[in-house]
Amino acid sequence: MNYNPAMPSIADMAAKARKRIPAFAVDYLESGIGGEFCLRRNRGDLDNVILWPRYLCDVGTVNTHCRLFDHDYDLGIGVSPVGLGNMMWPNGESRLARAAQAANIPYIYSTMGTTALEDIAANAPDVGWFQLYVPRDRAIMRDLIERAGRAGFKALVVTVDIPVGAKRDRELKNGLILPFRITPRLVAQVIRRPLWALLTLRHGMPRFMNLMPYSDSGDIKHLGEFLTQFFCPGVSIERLQEIRSLWQGPLIIKGLQRGSDISAAADLGADGVILSNHAGRQLDAAPSSIAALQALPSSLRERMTVMLDSGIRSGLDVVRARALGASAVFSGRSFMYALAAAGADGPRQAIEIFRDEITRTLQQLGCTEFEAMSADYRLQTTDNR
Ligand SMILES: Cc1cc2nc3c(=O)[nH]c(=O)nc-3n(C[C@H](O)[C@H](O)[C@H](O)COP(=O)(O)O)c2cc1C
C-alpha cells in the first residue's frame with residue numbers, strides 16, 4: 001500500500017483536513033452556492049451509477065493508462081484548477097505540480113493560483129495544463145496566453161462558467177470577500193490552527209502571483225478593486241475564436257453543460273471539453289456533471305474529447321464516469337484535502353489512493369483496461385435510467 005492506512009480514502013483526508021486548516025479556509029474550499037443543492041446533486045447522481053461486474057475472467061494485470069491529446073497518462077484522473085491553492089498548505093501548488101509530474105497525471109493550474117505560472121510549468125513540464133479565466137482586457141489575455149505557451153504548458157483550459165461572481169453565503173459570513181479584511185474572527189480561527197499559521201507566516205501570505213504584472217499589488221488585501229474589473233462578463237464565441245487563433249496546442253473549454261454549447265465549441269476548433277458545474281459553486285439549479293454527460297448526444301464524443309469534474313472523490317467515481325462516456329475526469333477538492341491533511345506528501349498519497357481504487361474497481365468489474373470501460377458495465381434500472 002503506497003498511502004497512509006490511517007487515511008485510506010479521500011473522505012478520510014477531508015476529515016483530517018478540516019482539523020488542520022482554519023475554518024475560513026475550509027468554508028472557502030467546501031462551500032457551494034445557495035442551498036448547496038447542486039453540490040449535493042453531484043454526489044447523489046454519482047452514487048446512483050450502478051456498475052455490473054463480469055466474473056469468469058483473468059484480471060491479474062490491469063492497464064490504467066488514459067490517452068489524452070497525444071499523451072499517454074498513467075491514470076484517467078487529473079487535478080482541476082483551484083485558486084488560492086497555497087492557502088490549503090504553504091507551497092502546496094508546487095508540491096501538487098511535482099506529484100502530478102511524478103505520477104504522470106494532468107495538472108491544471110489556475111489563473112488564480114498563488115505561485116508564478118512559470119514555476120509551476122517548470123515543476124510539471126510534461127503534464128501541466130494552464131487554466132485561463134478570460135480577462136476583460138484583451139492585452140492581459142494575450143499576455144497570459146503567451147506566458148503559458150512560453151512556460152511550456154501542454155494545453156490551455158478556458159473556464160467559461162463564471163459570467164458573474166457567485167454569491168456564496170458561507171464565504172460571505174466568513175468575510176471572504178474582496179477587499180479582504182483581517183477581522184478578529186479570522187484571527188481567532190488562525191490561532192486555533194498553529195501549525196498552518198506558523199508555516200503560512202514563514203512562507204508568506206498567498207498572493208495572486210500570475211496577476212502581479214498587471215496590478216500594482218498582487219496581494220489579496222489590495223487586489224479587490226483590480227479583480228472586480230478583471231473578469232470578462234461572459235466568454236463569447238468571438239473571444240474563444242480569438243483564443244483559438246492565439247493558442248497552437250490543445251484547447252479545452254471548461255464549464256460547459258449543454259450539447260449546443262459543446263457543438264459550438266467543436267465548430268470553432270476546440271479539442272476538448274470539461275463538463276463541470278464548478279463544484280456546485282455557480283448555479284444551484286445546474287445539473288450534476290454526470291447528468292450533463294448522460295444528456296449529451298453520443299455523436300459529440302466523436303467530435304471532441306469529453307471529460308468532466310465536480311464531485312469525483314474515489315477511483316470508483318473515475319470508473320463510473322468512464323463507463324458513462326467521459327474520456328477522463330478531474331477533481332479539485334480531493335487534492336486540496338490531500339494537501340491540507342498531509343502537507344507535502346498529501347498529493348502523492350491522494351494519487352495513490354485513486355490508483356489503487358481505480359485498479360481494484362476495474363478488477364472487480366472484470367475489465368483489464370481503463371480505456372475499455374464502457375456502458376456495457378453499467379446496470380440500467382428503472383430508478384437510474
Ligand atoms: C475552492 C475552489 C476554487 C476553485 N478555483 C477555480 C479556478 O481558479 N479556476 C477554475 O477553472 N475552477 C476553479 N474551481 C473549480 C474546479 O476547477 C473544479 O471544477 C471543481 O473543484 C471540481 O469539483 P470537486 O472539487 O468536487 O472535485 C474551484 C473550485 C473550488 C472548490
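Relevant structure appears above.
Bear in mind that the values here come from a model prediction, so they are computed numbers and not experimental data.

A. Local environment of the overall build of the protein chain. When helices and strands are counted, the protein chain shows 18 helices and ten strands. Computed over its C-alpha atoms, the radius of gyration of the protein chain comes to 20 Å, within 12% of the 21 Å expected for a compact globule of 385 residues. Taken along its principal axes, the extent of the C-alpha atoms in the protein chain is 65 × 50 × 40 Å. Across the 385 residues in the protein chain, those meeting the buried criterion constitute 55%.

B. Spotlight on the packing of helix H5 (residues 92-103) against helix H18 (residues 346-365). Running from N to C, H5 and H18 cross one another at 40°; their axes reach a closest spacing of 9 Å. Between H5 and H18, the crossing angle belongs to the class labelled oblique. For the crossing formed where H5 meets H18, the hand is right-handed. Only Pro 347, Arg 348, Ile 351 and Arg 355 of H18 make contact with H5, whose side of the interface consists of Arg 95, Leu 96, Ala 99, Ala 100 and Ala 103.

C. Focus on the side chain of Asp 317. With respect to the helices, strands and loops of the structure, Asp 317 is situated in helix H16 (residues 315-323). For Asp 317, a relative accessible area of 1% corresponds to the buried category. Looking at Asp 317, its side chain comes within polar contact range of the side chain of Arg 43, at 2.6 Å. With near-sequence residues (within four places) excluded, Asp 317 lies in contact with Arg 43, Leu 46, Gly 311 and Ile 312.

D. Molecular detail of the packing of aromatic side chains. On inspection of all chains with the given rule, the structure shows nine aromatic pairs. Relative to Phe 330, the ring of Trp 129 lies with its centre 5.6 Å away and its plane at 55°, an arrangement referred to as tilted. Highlighted residues: Trp 129 in strand E5 (residues 128-133) and Phe 330 in strand E10 (residues 328-331), separated in sequence by 201 residues. Taken as a pair, Trp 129 and Phe 330 share a single burial class, namely buried. The interplanar angle of 85° and the centroid separation of 5.2 Å between the aromatic rings of Phe 230 and Phe 231 together place this pair among those described as edge-to-face. The buried category is assigned to Phe 230, whose relative accessible area is 3%. Here Phe 231 falls in the partly exposed class, since its relative accessible area comes to 27%.

E. Structural detail: the environment of Arg 185. For Arg 185, the location among the structural elements is in helix H9 (residues 184-191). Placed 193 residues apart in sequence, Arg 185 and Arg 378 show a C-alpha to C-alpha distance of 49 Å. Ignoring sequence-local partners within four residues, the contact set of Arg 185 consists of Lys 173 and Asn 174.

F. Main features of the pattern of salt bridges. Considering all chains together, one arrives at 18 salt bridges under this definition. Arg 18 is the salt-bridge partner of Glu 30, the closest N and O atoms lying 2.8 Å from each other. Here Arg 18 lies in helix H1 (residues 10-20) and Glu 30 lies in helix H2 (residues 23-30), a separation of twelve residues in the sequence. Take Glu 30: its relative accessible area is 12%, and that puts it in the buried class. The salt bridge partner of Glu 146 is Arg 150, with a shortest N-O separation of 3.3 Å. Taken as a pair, Glu 146 and Arg 150 lie in helix H7 (residues 138-151) at a separation of four residues, close to a single helical turn.

G. Molecular detail of the pairing of strand E7 (residues 251-254). Residues Leu 251 and Ile 253 point to one face of E7 and Ile 252 and Lys 254 to the other, with burial holding for every one of them. As defined by bridge partners, strand E6 (residues 155-159) adjoins E7 across four bridges and the pair is classed as parallel. Residue pairing for E7: Val 157 is matched across the bridge by Ile 252. In this sheet, strand E8 (residues 272-275) lies alongside E7 in parallel orientation, the contact comprising three bridges. Of the residues in E8, the one forming a bridge with Ile 252 is Gly 272. Remark: the E7/helix H13 (residues 259-267)/E8 crossover connection has right-handed handedness.

H. Spotlight on unusual backbone geometry. With a phi angle near 60°, Leu 84 is a residue other than glycine that sits in the positive phi range. Mapping Leu 84 onto the fold places it in the loop between strand E3 (77-79) and helix H4 (85-88). Residue Leu 84 is classed as buried on the basis of its relative accessible area, which comes to 11%. Its identity is not glycine, yet Ala 279 carries a phi of approximately 60°, on the positive side. Secondary-structure assignment places Ala 279 in the loop between E8 and helix H14 (289-294). Among the residues examined, Ala 279 registers a relative accessible area of 17% and is labelled buried.

I. Here's a closer look at H2. Counting buried positions along H2 gives seven out of eight residues, so the element sits mostly inside the fold. Among the residues of H2, those classed as buried are Phe 24, Ala 25, Val 26, Asp 27, Tyr 28, Leu 29 and Glu 30.

J. Quick peek at the nonpolar core. Counting 119 residues, the largest nonpolar core has Trp 129, Leu 132, Val 158 and Ile 243 as its most contacted members. Excluding residues within four positions of it along the chain, Val 158 makes contact with Leu 132, Val 134, Leu 240, Ile 243, Leu 251, Ile 252, Ile 253 and Lys 254.

K. Structural context of the site of the ligand. In the vicinity of the ligand there are 22 residues, among which Pro 81, Ser 110, Thr 159, Asp 309 and Ser 331 approach most closely. Thr 159 places a polar side-chain atom, nitrogen or oxygen, 2.7 Å from an oxygen atom of the ligand. In the model, an oxygen atom of the ligand is placed 2.9 Å from a nitrogen or oxygen of the Gly 311 main chain. Look at the ligand: alone it shows 600 Å² of surface, and the protein chains cover 98% of it. Listed by contribution, the elements that provide at least two residues to the shell around the ligand are H2 and E5. Class assignment of the residues belonging to the shell around the ligand gives a composition of six nonpolar, eleven polar and five charged.

Reading guide: rules and limits
Residues numbered from 1 in each chain as written. Predicted model: local features only at pLDDT ≥ 70, side-chain atom pairs only at ≥ 80, totals over all residues. Heavy atoms only, no water. Helix = DSSP H or I, 4+ residues; strand = E, 2+ residues; numbered from the N terminus. Rg over C-alpha atoms; globule rule 2.2 N^0.38 Å. Buried < 20%, exposed > 50% of the residue type's maximum accessible area, 1.4 Å probe, protein only. Axes fitted to C-alpha atoms, helices over the stretch in contact; angles between N-to-C directions. Parallel < 35°, antiparallel > 145°, perpendicular 65-115°, else oblique. Left-handed = near helix turned anticlockwise from the far one by under 90°. Contact = heavy atoms within 4.5 Å. Polar contact = N/O pair within 3.5 Å; in protein donor to acceptor, adjacent residues only side chain to side chain. Phe/Tyr/Trp six-rings, centres within 6.5 Å; stacked < 30°, edge-to-face > 60°. Salt bridge = Lys/Arg side-chain N within 4 Å of Asp/Glu carboxyl O. Pairing = 2+ DSSP bridges. Right-handed = clockwise from strand over helix to strand, strands pointing away. Core = buried A, V, L, I, M, F, W, Y, C linked by side-chain atoms within 4.5 Å. Near = heavy atom within 4 Å. Areas by Shrake-Rupley, 256 points an atom, 1.4 Å probe, with all protein chains shown as cover. Nonpolar A, V, L, I, M, F, W, Y, C, P; charged D, E, K, R; others polar.

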